[in-house]
Structures are given as structure tokens and as C-alpha cells.
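# Working through the structure, step by step
The primary structure of each chain is shown beneath.
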Amino acid sequence: MKPITLPGIDEYAEAHTTPDPAFMRQISENTWRSLTDPQMISGPSQARFLQFLVYALRPRQVLEIGTFSGYSALAMAAALPPGGHVLTCEINDRHAAMARDHIARSPYAGRVTVETGPALETLDRLPGPFDFVFMDAAKQEYLACLEAVLPKLSEHAMIAADNTLWNGEVLYEDDEDADVVALRAFNDAVVADPRLECVLVTLRDGVTLIRRAAR
Ligand SMILES: C[S@@+](CC[C@H](N)C(=O)[O-])C[C@H]1O[C@@H](n2cnc3c(N)ncnc32)[C@H](O)[C@@H]1O
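Position numbers for residues start from 1 in each chain and track the written sequence from start to end. For this predicted model, a pLDDT threshold of at least 70 governs which residues receive local features, and a threshold of 80 or more governs which side-chain atom pairs are given and counted, while totals over whole chains, interfaces and linings are taken from all residues. Side-chain measures here rest on the full set of heavy atoms in the structure, leaving out hydrogens and waters.

### Notes on the overall build of the protein chain
Which entries qualify depends on this criterion: A helix here means a DSSP run of H or I that spans at least four residues, while a strand means a run of E at least two residues long, and both kinds are numbered starting from the N terminus. The globule rule used here is 2.2 Å times the number of residues to the 0.38 power, and the radius of gyration it is set against is calculated over C-alpha atoms. Any residue under 20% of the maximum accessible area for its type is buried, any over 50% is exposed, and the rest in between are partly exposed; the area is computed with a 1.4 Å probe on protein chains only. Only four residue types enter the charge count: Lys and Arg as positive, Asp and Glu as negative, with His and the chain ends excluded. For this purpose, a charge sits on NZ of Lys, CZ of Arg, CG of Asp or CD of Glu.
Along the protein chain, the regular secondary structure elements total eight helices and seven strands. A compact globule built from 215 residues would reach a C-alpha radius of gyration of about 17 Å, and the protein chain, at 16 Å, matches this within 12%. Reported as C-alpha extents along the three principal axes, the dimensions of the protein chain are approximately 45 × 40 × 30 Å. Going through the 215 residues of the protein chain one by one, you find that 50% of them count as buried. Of the side chains in the protein chain, 19 bear a positive and 30 a negative charge, and the two mean positions are spaced by 9 Å.

### Digging into the pairing of strand S2 (residues 85-90)
Side-chain direction in a regular strand flips from residue to residue, so the side chains alternate between the two faces of the sheet. Using the following cut-off: DSSP calls a pair of strands paired once it identifies at least 2 bridges connecting them. If the strands point away from the viewer and the path from the first strand over the helix to the second runs clockwise, then the crossover is right-handed.
Buried residues dominate S2, accounting for six of its six residues. By the alternation rule, side chains of S2 split into His-85, Leu-87 and Cys-89 and Val-86, Thr-88 and Glu-90, which are all buried. As defined by bridge partners, strand S1 (residues 61-65) adjoins S2 across five bridges and the pair is classed as parallel. Across the sheet, Leu-63 pairs through a bridge with Leu-87, a residue of S2. Handedness of the crossover is the feature at issue here: the chain leaves S1, passes through helix H4 (residues 71-77), returns alongside S2, and the resulting connection is right-handed. Examined bridge by bridge, S2 and strand S3 (residues 112-116) share five bridges and lie parallel to one another. Within S3, the residue paired with Cys-89 across the bridge is Glu-115. Remark: the S2/helix H5 (residues 93-105)/S3 crossover connection has right-handed handedness.

### Remarks on the site of the ligand
Our working definition: Any residue with a heavy atom lying within 4 Å of a molecule or strand is counted as near it. Polar contact is the term for a pair of N or O atoms within 3.5 Å; when the atoms are in protein, one must be able to donate a hydrogen and the other to accept it, and sequence-neighboring residues count only if both atoms are side-chain atoms. Surface exposure here means Shrake-Rupley accessible area, sampled with a 1.4 Å probe, where a residue is shielded only by the protein chains that are shown.
Taken together, 22 residues lie around the ligand, and Ser-42, Ser-72, Glu-90, His-95 and Asp-136 are the ones closest in. Contacts to the ligand include His-95, whose side-chain N or O atom sits 2.8 Å from an oxygen atom. With respect to the ligand, the side chain of Glu-141 contributes an N or O atom lying 3.2 Å from a nitrogen atom. For the ligand, the accessible surface in isolation is 610 Å², of which the surrounding protein chains cover 91%.

### Some details on the nonpolar core
Threshold: We call a set of buried residues a nonpolar core when its members are Ala, Val, Leu, Ile, Met, Phe, Trp, Tyr or Cys and they connect through side-chain atoms within 4.5 Å of each other. Here a residue-residue contact requires only that any non-hydrogen atoms of the pair lie within 4.5 Å.
Counting 33 residues, the largest nonpolar core has Leu-74, Met-76, Val-86, Val-112 and Phe-132 as the members making the most contacts within it. Those elements that place two or more of their residues in this core are helix H2 (22-34), helix H3 (44-57), H4, H5, S3, strand S4 (130-135), strand S5 (153-162) and strand S7 (207-212). The element contributing the most residues to this core is H4, with six residues. Beyond its immediate sequence surroundings of up to four residues, Val-112 is in contact with Ala-73, Leu-74, Ala-77, His-85, Val-86, Thr-88 and Ile-103. Of all hydrophobic cores here, the second largest spans 26 residues; its members include Leu-87, Ala-119, Val-149 and Ile-210.

### As for the packing of aromatic side chains
The test is simple: In summary, the pairing rule links any two rings of Phe, Tyr or Trp, Trp by its six-membered ring, whose centres are within 6.5 Å, and it sorts them by plane angle into stacked for under 30 degrees, edge-to-face for over 60 and tilted for everything else.
Summed over the entire model, instances satisfying the criterion amount to two aromatic pairs. A centroid spacing of 5.3 Å and a plane angle of 75° characterise the contact between Tyr-142 and Phe-186, whose relative ring orientation is edge-to-face. Of this pair, Tyr-142 sits in helix H7 (residues 142-149) while Phe-186 is found in helix H8 (residues 178-192), placing the two residues 44 residues apart along the sequence.

### Side note on H3
Defined as follows: Take the residue count of a helix, subtract one, and multiply by 1.5 Å to get its expected span.
Helix length check: H3, at 14 residues, gives a terminal C-alpha distance of 20 Å against a target of 20 Å (1.5 Å per residue), a fit within 8%. The elements touched by buried residues of H3 are helix H1 (9-15), H4, S4, S5 and S7. Of the residues flanking the end of H3, it is Arg-58, one or two places downstream, whose phi is positive at about 50°.

### Looking at unusual backbone geometry
Gly-128 connects to Pro-129 through a cis peptide bond whose omega is -5°. Within the fold, Pro-129 resides in the loop between helix H6 (119-125) and S4. Positive phi values are uncommon outside glycine, yet Asn-163 reaches one of about 65°. Its place among the elements puts Asn-163 in the loop between S5 and H8. Looking at Asn-163, the relative accessible area reads 12%, which means it is buried. Unlike most non-glycine residues, Trp-166 shows phi in positive territory, near 45°. Counting through the fold element by element, Trp-166 comes out in the loop between S5 and H8.

Have a look at this one:
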């Protein structure tokens, strides 16, 4: 697979982005040392990008779909306004346990709750309203998660869907990998949906920002 940016560009961007605080670097190190598929963790540029969105939006309730080790949830928690909260969904007990441990040791222990179980079932029983949603779990469930959260969004809410370029593989129509097919279908459906406005940001692996269309 070809790199999707010029060689060195991602590293340059990261070197010119405010670095992680020590506790976030520690979470990243623990994740790379102890979990399989550690590359699932967001990088520092993405964490900082999410944090800027949260800082600008000032959400009371953030929903994250896909906790992993708690890194992105804590990045968002750090930028919340007073009274703000991150609710994050995780299907894997080991990931949820590690995330809870990282959250408890962080400066933001009271701001993040991990809900264990399949995200679509968890979403069914969560009332919302959500002011910001970060989708970063099963790629084949992105469309179903989008439909589940849409009725539970607050008026000025925004969704960020991660990995929408999937290492550039979305470009290759003959790539029949199930995740690639699902992400292509998601990208096509979102841009064609008259209820929505979106922008696919070419940050790292692609992150699509989505909101309800202006009336
Ligand atoms: C890409 S990782 C999340 C990374 C995390 N947001 C971060 O940036 O550090 C995806 C996570 O979603 C979880 N997951 C996968 N399918 C899920 C589902 N149906 N419901 C809830 N969590 C799921 C995986 O176990 C994994 O921990």
C-alpha cells in the first residue's frame, strides 16, 4: 500500500503540534506495550485535533464509540467545559479495564465513564442528547451507529467519524475487504444524505466531520 501523504509529512505535522502531556504519553506507551493491535490508538495530532473541536464546541455530553485504552476519551475530557462529560462505549472487557485504569489515574477521573457492551445495544438505552460524537469502533457498523445517534443529537451537535480514508484503500474500487467496502458505503451515503453536511478531513487516516444540514 502506498503512503497516503508525502513521506515525512505526518511526522512534520506531529512535530509542529503541541505535544501530549506526560500522562497521555504514558497511556500511549502502556497501550503499545500491552495490547494487541496497538496501532488502533489515535496519534497525538488526532488527539489534539479532537481536543480543539471539544474546546470550540463546549459540549456538555460527548459520546465516544470505541474506547480502546482511553487515550482519545481523555484527550477530549481535558478540553471539556465545567460540567461536561465523556461517555465512551467499548465491547472488549480487557480494553475497558485498561481504559478505566488509565482514567482513574488521570487528572480527569470524574469526567469519563466507560460503558461496556456492543455499541449499538448501549446506544439503544442512552437517551442523549449528545453534543459531540466520536465514532471509532467497528467500521462495518458506522452507518448503523450514525442512524442510532442522529435522533439523539443536540441542535448544534457534530459527529467525527475516524478512519474514513482507511489508509487510502477507499480509492481502490476493486478492494473488496469488508471494512473498505463498509467505509466506502459510509462515505458515499453521508455525502449524498440531504439531512447532513460533511467534510472529509485528510488528517492521518481521514476523519469526517458531520452535522445536520442547515435549514
Ligand atoms: C480504533 S479502537 C478505538 C481507539 C480509541 N478511540 C483511541 O483513539 O484511542 C476501536 C475500539 O472499538 C472497540 N469495538 C469494536 N467493535 C465494537 C462494538 N461493536 N461496540 C463497542 N466497541 C467496539 C474495539 O474493541 C476497540 O477497542
